[in-house]
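# Structural description and commentary
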Amino acid sequence: MNFGYDNSVAVVTGGSSGIGLATVRVLLESGARVALCARNESRLEDVAEVLRRDFGANRVLARALSVLDEEAVNGFAAEVHETFGRCDLLVNNAGQGRQSTFENTSNQDWRDEYELKIFSQVLPIRAFLPMLREAKGAIVAVNSLLAYQPESHMVCTSSARAGVQNMLKSLSLELAPDVRVNSVLMGLIGSGQWTRRFAAREDQSVSREQWYRDLAERKGIPMKRLGDAEEAANAIAFLGSRAASYITGAQLDVSGGLNRHI
Ligand code: NDP
């Protein structure tokens, strides 16, 4: 699918796997030059090598860093400016969920979770904002349906994600009309974190297809399957594109109908 990103530059955090990687590919296919980051350098470099081969070396910039390292994130923004001269879209995708109930979440777990969820948005947004303003660009935050539909076995993730949604709403007001700010609420997308949970399944004889089917049934997903990373990426690419030029402060849920609120 082509979302019309010719002459644009996009930054995707957590671009080496799952939803982030699928987003990088959709944006490249749509004509953008893309900068991506993730912590694990060798996995990132493997991914970047394939992307450079498929789309051209001058369209891909990859940097190993944690989005929680302010100095590194600021350095990344400077490098994007030096290499590409602009930034039209920031996709804040880096992160992971934490499964724990109130009783087994320590104080440090709460602090870690809030730091990850809030600062994985705050630090990249602050670093890329001057370029986004200049380009009249867009921010798309990857968030979770848990922000609105909390689950007790993911108590701190759910509450941190609700806080992120609240912050993004304020930000959409503060940055309008220059920079649009929207989010995508993921349901269950069959990428990194579910791959890891599948690998750690109790009954190792169960196939991936069966395990995913059972999971979708247990969760009551109306579409009766998990989403694909590409389906999540398409929603992100749409919200960041010129086709969404009058949309800001909105959230789009990609959950196969799991979203129960009106
Ligand atoms: P993956 O594990 O496949 O990908 C996560 C990516 O983020 C990797 O590239 C990882 O690379 C990177 N990353 C993680 N932490 C950091 C960090 N501190 N700094 C920089 N990069 C980081 O996950 P998914 O694609 O499944 O998830 C993508 C996002 O969507 C996450 O934020 C997740 O919480 C959210 N989400 C996913 C859902 C799902 O069902 N899949 C549901 C709800 C939300 P590395 O480890 O090398 O840093």
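Scope of this entry: the structure provided in the associated data block. (Residues numbered from 1 in each chain as written. Predicted model: local features only at pLDDT ≥ 70, side-chain atom pairs only at ≥ 80, totals over all residues. Heavy atoms only, no water.)

This part covers the site of the ligand. Taken together, 31 residues sit near the ligand, with S17, R39, N93, R161 and S191 positioned nearest. In the environment of the ligand, an oxygen atom lies 3.3 Å from a nitrogen or oxygen atom belonging to the backbone of G14. A distance of 3.1 Å separates an oxygen atom of the ligand from a polar backbone atom of G192. Burial of the ligand by the protein chains amounts to 94% of its free accessible area of 890 Å². Contributions of two or more residues to the shell around the ligand are made by α1 (18-29), β5 (138-144) and α6 (192-199). Here the element with the most residues in the shell around the ligand is α6; it accounts for 4 residues. Classifying every residue of the shell around the ligand by side-chain character gives 10 nonpolar, 17 polar and 4 charged. (Near = heavy atom within 4 Å. Polar contact = N/O pair within 3.5 Å; in protein donor to acceptor, adjacent residues only side chain to side chain. Areas by Shrake-Rupley, 256 points an atom, 1.4 Å probe, with all protein chains shown as cover. Helix = DSSP H or I, 4+ residues; strand = E, 2+ residues; numbered from the N terminus. Nonpolar A, V, L, I, M, F, W, Y, C, P; charged D, E, K, R; others polar.)

For the rest of this paragraph, the subject is the pattern of salt bridges. One pass over the structure, following the stated rule, counts 13 salt bridges. Where R98 meets D109, a salt bridge forms, and the shortest distance between an N and an O atom there is 3.2 Å. One end of the pair, R98, is in the loop between β4 (89-92) and α4 (107-135); the other, D109, is in helix α4, with 11 residues separating them in the sequence. The closest approach of N and O atoms between D178 and K136, which form a salt bridge, is 3.1 Å. Placement of the pair is D178 in the loop between α5 (155-175) and β6 (180-186) and K136 in the loop between α4 and β5, with a sequence separation of 42 residues. What makes D178 partly exposed here is its relative accessible area of 23%. Residue K136 is classed as exposed on the basis of its relative accessible area of 57%. By sharing partners, the salt bridges in this structure join R98, D109, E113 and K117 into a single network. (Salt bridge = Lys/Arg side-chain N within 4 Å of Asp/Glu carboxyl O. Buried < 20%, exposed > 50% of the residue type's maximum accessible area, 1.4 Å probe, protein only.)

Two elements in contact, α6 and helix α7 (residues 208-219), have axes whose closest approach is 11 Å; the angle formed by their N-to-C orientations is 110°. On the basis of their axis angle, the class for α6 and α7 is roughly perpendicular. Seen along the crossing, α6 lies across α7 with a hand that is right-handed. Facing W194, T195, R197 and F198 of α6, the residues of α7 in contact are R208, W211, Y212 and L215. (Axes fitted to C-alpha atoms, helices over the stretch in contact; angles between N-to-C directions. Parallel < 35°, antiparallel > 145°, perpendicular 65-115°, else oblique. Left-handed = near helix turned anticlockwise from the far one by under 90°. Contact = heavy atoms within 4.5 Å.)

Let us look at the sheet that holds β5. The strands making up a sheet associate through backbone hydrogen bonding, with each pair oriented either parallel or antiparallel. The 7 strands lie next to each other as β3-β2-β1-β4-β5-β6-β7, forming an open sheet whose pairing is parallel. Lying at the two open borders of the sheet, with one neighbouring strand each, are β3 (60-64) and β7 (251-254). Each adjacent strand pair in this sheet contributes to an overall mean axis angle of 15°, direction not counted. Of the pairings in the sheet, the one linking strand β2 (residues 33-38) to β3 comprises 5 bridges and is parallel in character. Across the sheet, L36 pairs through a bridge with A62, a residue of β3. Strands in contact with α1 are β1 (9-13), β2, β3, β4 and β6; relative to β1, the strand with the most contacts, it is inclined by about 170°. Contacting β2 and β3, helix α2 (residues 41-55) runs over the sheet at an angle of about 175° to β3. (Pairing = 2+ DSSP bridges.)

Note that all results are geometric; they support no functional claim without further evidence.
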